[in-house]
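A structural walkthrough
Each chain is listed here by its residues.
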Amino acid sequence: MPSRPLLLGVNIDHAATLRQARYRGAHLSPHAEPDVVAFTREALAGGADGITLHLREDRRHIQDDDVHAIAAIPGLRLNLEMACTPTMTDFAVRLRPAAVCLVPESREEVTTEGGLDVAGQLARVRETTQALKAAGIEVSLFIGPDAPQIDAAVAVGAPVVELHTGAFANAWKSPAADAELARLRAGCGHAHQLGLIVNAGHGINYDNIRAILTLPHLHELNIGHSIVARALFKGVRGAVAEMKARLTNPA
Ligand code: PXP
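Residues numbered from 1 in each chain as written. Predicted model: local features only at pLDDT ≥ 70, side-chain atom pairs only at ≥ 80, totals over all residues. Heavy atoms only, no water.

**Some words on the packing of aromatic side chains**
- By the definition in use, this model includes 1 aromatic pair.
- Taking the centre distance of 5.6 Å and the plane angle of 55° together, the rings of F168 and W172 count as tilted.
- The ring of Y206 has R230 sitting right over it, with the charged end atom 3.8 Å from the ring centre. (Phe/Tyr/Trp six-rings, centres within 6.5 Å; stacked < 30°, edge-to-face > 60°. Lys NZ or Arg CZ within 6 Å of the ring centre and 35° of its normal.)

**Some remarks on the layout of surface pockets**
- As a volume, the largest pocket reaches approximately 660 Å³.
- What lines the largest pocket is a set of 28 residues, among which N11, D13, H14, E81 and H202 lie closest to the centre.
- At the level of elements, α1 (13-23), β6 (160-164), β8 (218-223) and α10 (225-248) are the ones that each hand at least two residues to the lining of the largest pocket.
- Of all the elements, α1 adds the most residues to the lining of the largest pocket, at 3 residues.
- Counted by class, the lining of the largest pocket contains 7 nonpolar, 15 polar and 6 charged residues. (1 Å grid on protein atoms, 1.4 Å probe; cavity = no way out; pocket = protein on both sides within 12 Å on 5 of 7 lines; lining within 4 Å. Points joined across faces, edges and corners; volume = space filled by probe spheres on them. Helix = DSSP H or I, 4+ residues; strand = E, 2+ residues; numbered from the N terminus. Nonpolar A, V, L, I, M, F, W, Y, C, P; charged D, E, K, R; others polar.)

**Examining the environment of A69**
- Within the secondary structure layout, A69 lies in helix α3 (residues 64-71).
- Remark: the alpha-carbon pair of A69 and A43, spanning 26 residues in sequence, is separated by 15 Å.

**Here we look at the nonpolar core**
- Ranked by size, the top nonpolar core spans 71 residues in total, and within it L80, L102, L141 and L221 carry the most contacts.
- Element by element, the count of residues in this core is highest for α10, at 8 residues.
- Excluding residues within four positions of it along the chain, L80 makes contact with L53, L55, V67, F91, A92, L95, P97, A99, V100 and C101. (Core = buried A, V, L, I, M, F, W, Y, C linked by side-chain atoms within 4.5 Å. Buried < 20%, exposed > 50% of the residue type's maximum accessible area, 1.4 Å probe, protein only. Contact = heavy atoms within 4.5 Å.)

Structure representation (structure tokens):
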């Protein structure tokens, strides 16, 4: 059990995915729904500690207007996921969200775990990390739970890592799940020992979270798809509150 409350970052990308499925090129139409700002407000009302969104270079879900509208909500802690590029760095430095999480978008940036290959592009990630830090932004790197990537995060000066839980989530309820959980456990320990803040995300749901909660040193979980899916049945506020309750009182 974590000694302090584990924070819940709600990733709202898939609320925008649903809107774009019908309103691509017309997201500012008065008919466009769902309203991602209203979705965000409901997530906050349900107990979200922060809101995460990914402004992808292909703008497949979240749009620039969404980022600006959500960043303007008073008191909201925004975590902007983005590619490690000069264009996105300029965008973030102008926006100044509380946090940026650097994620891979192109195939050559991706490790076997699906996380950002920090070790394979140290100079590029260091330059971006330092530019963001100089703007007062907390920088997190979305990486696989492997020692070389964790060591590389320290080498580029990132204070936070978000460990990729996707391989574990894919293995959940299969014989491979224990090994994936053990890899995450080792990654959490290694990152913590090096002084990093340890977050985790991708593929976490209302069921597999009980295994995630056995991991040490976690600070924040970023969860999107499962919450958005449950919101169809329980509403956004109810879905977020249910996940928040699981974080606070694991069954
Ligand atoms: N963390 C990061 C860095 C992500 O890119 C995403 C979205 O893929 C998530 C967490 C949330 O993942 P999911 O939607 O599977 O909960």
